[in-house]
Every structure is written in C-alpha cells, then in structure tokens.
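Each chain, written out:
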Amino acid sequence: MASNMWEQTAAMAKQHEQQGGAWLKLANDGDTAVVVFLGEPHPREVVFVDNKFVPFDEKLKAQGHRPSLRVALNVAVYDTREVKVVEQAVTFFNTLMELRAKYGLERWAFEVKRRGAAKDPKTTYSILPDRQLSPDEVSAFQSLRLHDLPKLYAAEEAAAASGTPPAATSSAKAAEPVDVKLAQAMATALKALPREAVDRFLQKFSVQRIRDLPASKGELARAFVDSLVAEYSAESVADVDPFGP
C-alpha cells in the first residue's frame, strides 16, 4: 500500500508540473506523457546559439550558420485534456508521419518518452501507440482550443528581444481571470448537473466561484466540465427503467 501511494504521489507531482505554461515538459530520462496530437504542424528553420534555438535569418547565414528544422505541434494530455505544445526535430516528425499514415493521429493517444538525461544533446524521444480513442473521446479532443503556434513563437521572440523573461509573461497570464464567455458556458453546463458535480469542479480547481478561475486553467477547466457532462449523462441513461412507462 505504501509503495502504491509513492507511485500515485509521483504521478500527481508530474501532473502538477505540467499545469500552467504552454510547453509539454519531459525534463528527465524516462519521463513520459500520453498525448493526443492535434491540429497542423508548425515548422521553423532555426540555429542553436547560446544554448537555445533562434530563428534562422540572413545575418546568421552570413556568419556561416546552417539551419536545422524544428517542428512544433499541439498535443492534449490524455488524462487532463490540457493542450500543450511540443517542439521536436525532423526525426521525431518523420516517425509521427509514419504513425499518422498507419494509425491516424486523431483516433489514438500516443506515449511520448524521453530517452536522455537533462541537457544531454543526444536525447531522443520515442512515440508509441498507447490506446485507441472512443468516438466520444475523438470528438472531445478535436473540440479543444489549440494554441496559435505562430503567435506563441512571435510572443516569445518579442519577450526575448525586450529582455522580459518568459516566466514573467506566464505569471501575468496566470493572474488574469478566465474569459467571461468561457466562464458563462461552463456555468451553464454545470447548472444542468447535480450539485455533486459542481462541488467536484470547485474542489478540483480550488475556487469558490467559476469566475475566480485563472485564465491559465481555462482550457483544463473546460475539458473537465466536458468530462463531467459526459459522466453524468451516461449515469442518467443507465438509470432509465427500460420497463417503465
């Protein structure tokens, strides 16, 4: 039992590390995430300078640098449906293309696993089919709001140019209240559910009112509300007496 609690706590810790921020974090050797790939890829030609990737331009070309291709993708974490961004090299993308042709990305959740220690330049990532999605899951994942990848990169480049740390930008975003229309939509959906479902929502996000929810957790909250609606709708169907009037 104790060993099991250690494993459960470790899993919860990793989940909390993923909350907030746009990027999917697999920081250490063996770290894994089960995700659903969403939307279109966003390719960039970059150069690795000063321990980071920067966009390839004429100035870097004149300095003798040669570009490499990096590809960004939206992914939804299977357990929470929180939408994150991954950026990987061409080898990862080519593997994903093979999986796309064989399985169809919209119908499967895939396990992405890091193979390499933190900051190891030889780090690679494996991708394996983990589970097939039900039709309802396919619909739910495809309805999630995606990150605008060009805007995301433009904002990061602007922050780097101005000297504003990305963490400061993320903190400011986290302090913003959830979008009013999104809050209203979630409130309408929750009002149709039993009080128990509302209490579960408030407890999960540690708020007393839906409008107190921070913007950084808006998509995660929307996904949780969708799961509650599906769960309690299924219970209602199961409770119907087939021999009743």
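Small disclaimer: the values here were computed from a predicted structure and weren't measured.

1. Regarding the side chain of Arg70
Its location among the elements puts Arg70 in strand β3 (residues 68–77). In terms of polar contacts, Arg70 uses its side chain to reach the side chain of Glu87, at 3.2 Å. Among residues more than four places away in sequence, those in contact with Arg70 are His42, Pro43, Arg44, Val46, Phe53, Glu87, Gln88 and Ala89.

2. Some points on the pattern of salt bridges
Taken as a whole and judged by the stated rule, the model has seven salt bridges. Linking Glu87 and Arg44 is a salt bridge whose minimum nitrogen-to-oxygen distance equals 3.0 Å. Remark: Arg44 occurs in strand β1 (residues 32–49) and Glu87 occurs in strand β4 (residues 83–89); sequence separation between them is 43 residues. The exposure classification of Glu87 matches that of Arg44, with both residues buried. Glu82 serves as the salt-bridge partner of Lys84, at 3.7 Å between the closest nitrogen and oxygen.

3. So, the confidence of the model for the protein chain
Put simply, the protein chain has an average pLDDT of 81, and 80% of its residues get 70 or more. The weakest mean pLDDT in the protein chain belongs to helix α6 (residues 166–175) at 49; the strongest belongs to strand β5 (residues 108–115) at 96. For residues 16–20, every residue scores under 50 in pLDDT, and the model assigns this stretch 12 contacts once sequence neighbours within four places are set aside.

Reading the values: the criteria
- Residues numbered from 1 in each chain as written.
- Predicted model: local features only at pLDDT ≥ 70, side-chain atom pairs only at ≥ 80, totals over all residues.
- Heavy atoms only, no water.
- Helix = DSSP H or I, 4+ residues; strand = E, 2+ residues; numbered from the N terminus.
- Polar contact = N/O pair within 3.5 Å; in protein donor to acceptor, adjacent residues only side chain to side chain.
- Contact = heavy atoms within 4.5 Å.
- Salt bridge = Lys/Arg side-chain N within 4 Å of Asp/Glu carboxyl O.
- Buried < 20%, exposed > 50% of the residue type's maximum accessible area, 1.4 Å probe, protein only.
- pLDDT = per-residue confidence, 0-100.

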